[in-house]
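Close look at the chain arrangement
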Amino acid sequence: MKAFTQHSGIAGPMDRANVDTDMIIPKQFLKSIKRSGFGPNLFDELRYLDEGQPGQDCSHRPVNKDFPLNKPRYAGASILLARKNFGCGSSREHAPWALEDYGFRAIIAPSYADIFYNNCFKNGLLPVILTEQQVDVLFKEMNAVEGYQLTIDLVSQKVIRPNGESFDFEIDAFRKDCLVQGLDEIGLTMQSADAIKDYEKTRQASQPWVFGAIK
Amino acid sequence: MSGKTVYDKLWDSHLVKKNEDGSALIYIDRHILHEVTSPQAFEGLRMAGRKPWRLDTNVATPDHNISTDPAERAAGVAGIPDATSRIQVQTLDDNCDHFGIKEFKMNEMGQGIVHVMGPELGATMPGFTVVCGDSHTATHGALACLAHGIGTSEVEHVLASQCLVTKKMKNMRVTVDGELGAGVTPKDVVLAIIAEIGTAGGNGHAIEFAGSVFREMSIEGRMTVCNMAIEAGARVGLVAVDEKTVDYCKGRQFMPSGELFEQAAEYWRTLVSDADAVFDTEVSIDGNAIAPQVSWGTSPEMVVPVTANIPKVEDQTDEVKQKGVERALEYMGLEGGAPITSVYVDRVFIGSCTNSRIEDMRAAAKIVEGHRVSSSVKQALVVPGSQMVKEQAEAEGLDKIFTAAGLDWREPGCSMCLAMNADKLGAGEHCASTSNRNFEGRQGNGGRTHLMSPEMAAAAAITGHIVDVRTFSGEQS
């Protein structure tokens, strides 16, 4: 997995609460058996004026000019500024895949849906949680200044604004560690293989019906 | 020390290892796979040269993007019209064959929507940890399981190690006491709960549904409720074990039998929250006061009782809510203040992992029997949740009742709940739907979903508009 220590980039808006995973990546694109290539279809129904189909060349599709991320001032945005309960709905990891493939490295919002939040960390995408007031401040500053850039320092857990002031954020030690080092989580778990086998032995003795049912 | 909740007990009994940083390694008893969220996980296993840790824990089936059309279905995988869908279903078959994973293939008895299939085959047992790459996995919590959706990276993680790295959630109890009125169903109960606590109300929590309403409810009804815990933000929803749970489990394909069943049942009966257990969050709702519910907007919290009017923008208290209601009304093409029963429907969908079990089929059939689908309704689909539900419904003659009334009787699958196959809404079309999400575009680009119970959807099919099933007479207006 791609490591994340510090990132600076242009902030782009998704200014509504409860952005769901169907909005992030509509279902027709879930038919792919690959992990990559979802970027052109991120926010597909908001971003384009026609209905997107998998495998299509998106460069010739009619673009919704009113959709904020389509505005030239947010071109190349790599930090998504969002509102509460971002990523609610399905467990599709295609949502963080699409955000990452589009070019986002981090999201800043007051809260996330649990499964989406968890999925981000598996893909080197950092979901930062700030308070609603802090997110408001960032939205206001971003709206006022074209090319508004933020720096996110995961190591010191800070979002640094252009004026040098910063907001601190909280994050689980384990998740931070995996992201900072770009660790392979499965590899880490496999180091506990003996503990897993021991657990299975104990369980087999007390609850034998748990094992061997599916043949 | 205070007592334990069901969730605490499930957590403790699956703890493999606690890490210093607060995370934990949790053992997974049952892993259910489908075609959409598994291909990249199998690919990851292959690339890392890993094998599944255990084979007798996984069970797979295609459900999300298979055709429900009987003729297309009869032609097998080759009959799936969309090439990308066909490849995905074929890939699941190939992966399961390659790794030796038990799969109920598309037209095999046992196949069905993952969350209908698991319990009905007895693959889901009380006291289990159950995961699946699908957010509606909470459904299995109806059997007192710690069940939740996972992403594809975690599907790979579970395949490889039989474990997940996770953190304990908080405990929430939603108590609904009282007695449900006639025409009020488990779907109405859960929609009323979501309307009350909101789509983020359960974030970070495992919800236990408690109180007389759930004790009286059938296991299938409890599945409908737990299924939508995620729509209240909670990954996990569950109901404690009682004799209904034990009875439900008896005789199912993968369940233990004889003495082993009795031994298991003795353990299962301990899966109730202790009287002195403490919940981080408590919510109480009066079951007597719940009316049939209908969603009017684009989030499952945008729900009103069928007797109410669609909300107005100006009645909202804060600016974010006003914006949300305004945008939802615009998308739905509705006017604030109009009665919800004034909404005409273009299509009706009875199905999904929320409401496609035999009790749902019976309830819908009872409403439409002897009536005809309104001429203004373009299509009314009934999609049974599994091959077993379909077989049972046909044995009871329910399919004949549906087709005589002008509804389409289909093959099992997820269908119009998420419209990954050809079953979808056209832009601007309103749908009376028994599914779980009314997000923008969920049932088709530009489609407008109204969530409700099977009874309410069946009644809407006959009258052509949203109607209170309690006063429904079958008259078309």
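Keep in mind that this is a model prediction, so the values were computed, not measured. Residue positions are counted from 1 within each chain, in the order its sequence is given. Numbering of ligands from 1 and lettering of chains from A proceed in the order in which they are written. It should be noted that, the model being predicted, local features are given only for residues of pLDDT at least 70 and side-chain atom pairs only at 80 or more, the latter also being counted only at that level, while totals for whole chains, interfaces and linings use all residues. The basis for the side-chain values is all heavy atoms of the structure; hydrogens and waters are excluded.

1. Re the side chain of His64(B)
Residue and element names in this part refer to chain B. Applied cut-off: Only DSSP runs of H or I with at least four residues qualify as helices, and only runs of E with at least two residues qualify as strands; both kinds are numbered from the N terminus onward. Exposed residues in this analysis have more than 50% of their type's maximum accessible area, buried residues have under 20%, and partly exposed residues fall in between, with area computed by a 1.4 Å probe over protein chains only. Any N or O atom pair separated by 3.5 Å or less is treated as a polar contact, with the protein-specific requirement of one donor-capable and one acceptor-capable atom, and with residues adjacent in sequence counted only for side-chain atom pairs. Throughout, a contact is declared for two residues whenever any of their heavy atoms are within 4.5 Å.
Within the secondary structure, His 64 sits in the loop between β4 (58–60) and α3 (70–74). His 64 sits in the buried class, given a relative accessible area of 7%. Within polar-contact distance, the side chain of His 64 engages the side chain of Asp 134 at 2.9 Å. If we ignore the near neighbours within four places in the chain, the residues touching His 64 are His 34, Glu 35, Val 36, Asp 134, Cys 414, Leu 418 and Met 420.

2. So, the domain arrangement of chain A
Where interface size is quoted, it is often the accessible area lost as the parts come together. Worth spelling out the cut-off: For the domain bounds, the source is a domain assignment made automatically or taken from a database.
Under the domain assignment, chain A is made up of domain 1 (6–183) and domain 2 (184–215). One C-alpha centre belongs to domain 1 of chain A, the other to domain 2 of chain A, and the line joining them spans 36 Å.

3. Notes on the side chain of Ser23(B)
With respect to the helices, strands and loops of the structure, Ser23(B) is situated in the loop between β1 (15–18) and β2 (24–27). In this structure Ser23(B) comes out as buried when scored by relative accessible area, which is 4%. Within the structure, Ser23(B) has its side chain in polar contact with the side chain of Asp21(B) (distance 2.7 Å). Beyond its immediate stretch of four places on either side in the chain, Ser23(B) contacts Phe174(A), Lys18(B), Val165(B), Thr166(B) and Lys167(B).

4. Some remarks on unusual backbone geometry
Here the phi dihedral of Gln157(A) falls at roughly 55°; this positive angle occurs in a residue that is not glycine. Following the sequence through the fold, Gln157(A) ends up in the loop between β5 (149–153) and β6 (158–160). What makes Gln157(A) buried here is its relative accessible area of 17%. Its identity as a non-glycine residue notwithstanding, Ala419(B) has a phi of 55°, on the positive side. Mapped onto the secondary structure, Ala419(B) falls in the loop between β17 (408–409) and β18 (430–433). When its relative accessible area of 4% is taken as the criterion, Ala419(B) is described as buried.

5. A short note on the pairing of strand β19 (residues 448–451) of chain B
Residues and elements named next belong to chain B. Put simply, the rule is: Here the rule is simple: two strands pair whenever DSSP picks up at least two bridges between them.
Burial along β19 is two-sided: the residues Arg 448 and His 450 and Thr 449 and Leu 451 are all buried. With four bridges connecting them, β18 and β19 associate as parallel partners. The residue bridging Ala 432 from the neighbouring strand is His 450, located in β19.

6. Describing the interface of chain B and chain A
Put simply, the test is: Reported buried area values correspond to the accessible surface (1.4 Å probe) lost by two parts on association, with both partners' losses combined. In the sections that follow, a salt bridge refers to a side-chain nitrogen of Lys or Arg positioned within 4 Å of a carboxyl oxygen of Asp or Glu. In this classification, the charged set is Asp, Glu, Lys and Arg, the nonpolar set is Ala, Val, Leu, Ile, Met, Phe, Trp, Tyr, Cys and Pro, and all remaining amino acids, among them Gly, are polar.
Across the boundary between the two partners, chain B contributes 80 residues, which contact 62 residues of chain A. Its largest share of buried area at the contact with chain A, chain B owes to Gln40(B), Trp53(B) and Asn445(B), together 11% of the area lost on that side. Counting every contact that joins chain B to chain A gives eight salt bridges. If you look at where chain B meets chain A, you find 36 residue pairs in polar contact (both at pLDDT 80 or more). Per-element tally for the side of chain B that touches chain A: the top contributor is helix α6 (residues 152–161) of chain B, with seven residues. When the residues that make up the side of chain B that touches chain A are grouped by side-chain class, the tally is 29 nonpolar, 31 polar and 20 charged.

7. Observations concerning helix α5 (residues 132–144) of chain A
All names here are of chain A. Going by this rule: Multiply 1.5 Å by the residue count of a helix minus one, and that product is the helix's expected span.
With 13 residues, α5 ought to run about 18 Å at 1.5 Å a step, and its terminal C-alpha atoms sit 18 Å apart, in line with that. Buried within α5 we find Gln 134, Val 135, Leu 138, Phe 139, Glu 141 and Met 142. Against the buried residues of α5 lie β1 (6–14), β2 (79–82), β3 (106–109), β5, β6 and β7 (166–168).

8. Side note on the environment of Asn85(A)
Within the fold, Asn85(A) resides in the loop between β2 and α3 (94–102). Expressed as a C-alpha distance, the spacing of Asn85(A) and Gly39(A), which sit 46 residues apart in the sequence, is 22 Å. If we ignore the near neighbours within four places in the chain, the residues touching Asn85(A) are Asn18(A), Val19(A), Ser111(A), Tyr112(A), Ala113(A), Thr199(B), Ala200(B) and Asn203(B). Here Asn203(B) takes part through its side chain, which lies 3.3 Å from a polar atom of the side chain of Asn85(A).

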